[in-house]
Every structure is written in structure tokens, then in C-alpha cells.
Amino acid sequence: MKKGIHPDYKEITVLMSDGTEIETRSTMDTKDGVYRSEVDSKNHPFYTKSNTFTSTAGRVDRFKRRYGKGEDK
């Protein structure tokens, strides 16, 4: 390998949002050697299936009210 063109590859600790720690190696530049994750598979809506969106029925009713579809005029 050429010298001077590759980033340093060092050990870091990944601290998950629930307190779990994982030891790994990375080129990530951290001041104290710890990467603190705010989002992971235990709290992200994609993985937990807990969406905060309005229900589909509510969206359909809002569409009908807005555009007057399905009402006899």
C-alpha cells in the first residue's frame, strides 16, 4: 500500500441508544474513541413498526372533505 494516503484504522467503542457497547475498528475520527449512536434498530420506527403517521382512514376522509369527492351535490 502507498504510504500517507490511507486514513488511520483504530479501535472505537460504539455506544447504542439503549446503553449497549460494541467494540469495533473504524476510520471514524472521534475525540475520545467513543461513537454515540442516537438511532439504531431498537428505536428507529422502520424497525419497531411504530409509525407516527395519521391512519389511512383519516387521510381518506381528509381527502374527501377537501375535494368533495363521494358527496352528492
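Residues numbered from 1 in each chain as written. Predicted model: local features only at pLDDT ≥ 70, side-chain atom pairs only at ≥ 80, totals over all residues. Heavy atoms only, no water.

Engineer: In this structure, what is going on with the pattern of salt bridges? I would like to understand it.
Structural biologist: Between side chains of opposite charge, pairing is possible as soon as their charged atoms come close. Per the stated rule, a full pass over the model turns up one salt bridge. Residues D32 and R36 are paired through a salt bridge, measuring 3.2 Å at the closest nitrogen-oxygen approach. (Salt bridge = Lys/Arg side-chain N within 4 Å of Asp/Glu carboxyl O.)

Engineer: Quick question: what am I supposed to make of the sheet that holds strand β3 (residues 34-36) here?
Structural biologist: Read from one edge to the other, the open sheet built from three strands follows the order β2-β1-β3, with strand pairing classed as mixed. At either margin of the open sheet sits one strand with a lone partner, and together these are β2 (21-26) and β3. Going across the sheet, the axis of each strand differs from the next one's by a mean of 30°, ignoring polarity. In this sheet, β3 lies alongside strand β1 (residues 10-15) in parallel orientation, the contact comprising three bridges. By the bridge assignment for β3, L15 is matched with R36. (Pairing = 2+ DSSP bridges. Helix = DSSP H or I, 4+ residues; strand = E, 2+ residues; numbered from the N terminus. Axes fitted to C-alpha atoms, helices over the stretch in contact; angles between N-to-C directions.)

Engineer: What exactly am I supposed to notice about the pairing of β1 here?
Structural biologist: Remark: a regular strand shows side chains that alternate across the two faces of the sheet. Relative to β2, β1 runs antiparallel, the two sharing six bridges. When the bridges of β2 are listed, I12 appears paired with T24.

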